[in-house]
Amino acid sequence: GRLDAPFTLLRHAEPLTHAQRSGLVKVMDDMVARKVPFNYSMAMNPNSVNCSELVRRVFEAIGRSGLGEVGPIGRHYDAFDGALLPIFKINRPPEGSLGVSPASIVHSPQLEVVYAKLPVDRMVSDAEIFKAWKDGGGIDQLARVTRIPREKLIEDLGKAASDQPARDYPSTWRPSRR
């Protein structure tokens, strides 16, 4: 069924109170109402948010700070040998720009893994990400959003997908708790 999709489900090791759960919903609803745009550059800024920043921001807003490591993001742009940059029509941010590492969220001591179809005990390679996108419908969604033919995305990203991770391990890296 649905649990065949490649995703990771996490929960707080220390359960959230009812007020904190309500606060999370309120913060996210506010961001949706304000139409806060997606931050394709991945460099942190106050006017947009990416998936990792969203997690960090909403938990900070309810008093659960320190979720996700903030650090230099340069190596993230090496993913797929830079092939994603023109697809998303973004430039590399200035040297030393900061962002939130997705892996540091997964490996935060504040969270525990409930379910993981993707590896959480190591950094995944571009080839693994590409396969998950291709098998899980992500390439189809990317083709619709970018208006780039699916076949061209498969060809370009498939050629650029390295078998080695393009991302650094966060300093909070620890063995999987699964």
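Along each chain, the written sequence defines residue order, and numbers are assigned to residues from 1. Restriction of local features to residues with pLDDT of at least 70 applies here, the model being predicted, together with a cutoff of 80 or more for giving and counting side-chain atom pairs; totals for whole chains, interfaces and linings are based on all residues. In computing side-chain values, all of the structure's heavy atoms are included and hydrogens and water are not.

## Things to note about the overall build of the protein
The helix count covers DSSP runs of H or I at least four residues long, the strand count covers runs of E at least two residues long, and both are numbered beginning at the N terminus. Looking only at helices and strands, the protein has seven helices and four strands in total. Ordering the α and β elements of the protein from the N terminus gives β-α-α-β-α-β-α-β-α-α-α. Accessible area is worked out with a 1.4 Å probe on protein chains only. A residue is then buried under 20% of its type maximum, exposed over 50%, and partly exposed in between. The proportion of buried residues among the 178 residues of the protein is 37%. Should any heavy atoms of two residues lie within 4.5 Å, those residues are counted as being in contact. Within the protein, counting contacts between residues at least 6 apart in sequence, those at least 24 apart form 75% of the total. The accessible surface values rely on the Shrake-Rupley method and a 1.4 Å probe; as for residues, cover is taken only from the protein chains in view. For the protein, the accessible surface area stands at approximately 10800 Å², while carbon and sulfur atoms represent 56% of it.

## Concerning a nonpolar patch on the surface
Patches were defined on residues exceeding 30% relative accessible area and lacking a salt bridge, with like-charge contacts within 9 Å and nonpolar side-chain contacts (Val, Leu, Ile, Met, Phe, Trp, Tyr) within 5 Å. Salt bridge, as applied in this entry: a Lys or Arg side-chain nitrogen positioned within 4 Å of an Asp or Glu carboxyl oxygen. Taken together, F38, Y40 and V145 make up a surface patch of nonpolar side chains, about 290 Å² in accessible area. Relative to the helices and strands, Y40 resides in the loop between α1 (18-33) and α2 (51-61).

## What to know about α2
The set of residues buried in α2 consists of S52, E53, R56, V58 and F59. N-cap assignment for α2: the residue whose side-chain oxygen lies 3.0 Å from the backbone N of S52 is N50. In the stretch just after α2, G63 is the one whose phi turns positive, near 90°. Here a polar contact is recorded for every N or O atom pair within 3.5 Å, except that within protein the pair must consist of a potential hydrogen donor and a potential acceptor, and residues adjacent in sequence are included only if both atoms are side-chain atoms.

## Some words on the pattern of salt bridges
Taken as a whole and judged by the stated rule, the model has nine salt bridges. For the salt bridge of E14 with R64, the shortest nitrogen-to-oxygen distance reads 3.8 Å. In this pair, E14 is assigned in the loop between β1 (8-12) and α1 and R64 in the loop between α2 and β2 (70-72), connecting sequence segments 50 residues apart. According to the relative accessible area criterion, E14 is exposed, its value standing at 56%.

## Some thoughts on the packing of α1 against α2
Here an angle of 0 to 180 degrees is reported between the N-to-C directions of two axes, which are lines fitted to C-alpha atoms, with helices fitted over the stretch in contact. It is the contact of α1 with α2, at a shortest axis distance of 9 Å, that shows an interaxial angle of 130°. Considering the angle they form, α1 stands oblique to α2. Like other packed secondary-structure pairs, α1 and α2 cross with a definite hand, here right-handed. Contacts between α1 and α2 involve L24, V27, M28 and M31 from the former and L54, R57, V58, F59 and A61 from the latter. Just so you know the grouping, Ala, Val, Leu, Ile, Met, Phe, Trp, Tyr, Cys and Pro go in nonpolar, Asp, Glu, Lys and Arg go in charged, and all remaining residues, Gly too, go in polar. When the residues that make up the contact of α1 with α2 are grouped by side-chain class, the tally is eight nonpolar, no polar and one charged. Note that the term roughly parallel is reserved for angles under 35 degrees, roughly antiparallel for angles over 145, roughly perpendicular for angles of 65 to 115, and oblique for everything else. Should the near helix be turned anticlockwise from the far one by less than a right angle, the crossing is termed left-handed; should it be turned clockwise, right-handed.

## Some remarks on the environment of T8
Checked against the element boundaries, T8 lands in strand β1. Looking at T8, the relative accessible area reads 27%, which means it is partly exposed. Taking the C-alpha atoms as reference points, T8 and K117, 109 residues apart in sequence, are found 6.2 Å from one another.

## Quick notes on the nonpolar core
Within soluble globular proteins, side chains that are nonpolar generally end up buried alongside one another. We call a set of buried Ala, Val, Leu, Ile, Met, Phe, Trp, Tyr and Cys residues a nonpolar core when their side-chain atoms join them within 4.5 Å. In terms of nonpolar packing, the biggest core is built from 15 residues, with F80, I87, F130, I139, L153 and L157 touching the most fellow members. Elements supplying a minimum of two residues to this core: α3 (84-88), α5 (126-136), α6 (138-146) and α7 (150-160). Every residue in contact with I139, bar those within four places of it in the chain, is listed here: F130, W133, K134, R150, L153, I154 and L157. Residues M31, F59, I105 and L111 belong to the second largest nonpolar core, which totals eleven residues.

## Let's talk about α5
Burial in α5 covers these residues: D126, I129, F130 and A132. Projected onto a plane normal to the axis of α5, the buried residues spread over an arc of 160° and lie on a single side. Opposite the packed face of α5, turned more than 90 degrees from it, sit the exposed residues K131 and D135. Looking at the buried side of α5, the elements it contacts are α6 and α7. Working definition: the arc comes from the directions between the helix axis and the C-beta atoms, pointing outward to the latter.

## As for the side chain of S125
Residue placement: S125 occurs in the loop between β4 (111-116) and α5. Judged by its relative accessible area of 4%, S125 is buried.

## Quick look at the confidence of the model for the protein
Detailed reading of the predicted coordinates is not advisable wherever pLDDT is low. Each residue carries a pLDDT value, the predictor's own confidence for that position, ranging from 0 to 100. In the predicted model, the protein carries a mean pLDDT of 81, and the fraction of residues at 70 or more is 84%. The least confident element of the protein, judged by mean pLDDT, is α3 at 76; the most confident is α1 at 95. Counted against residues more than four places away or in other chains, residues 174-178, with its pLDDT under 50, gives 14 contacts.

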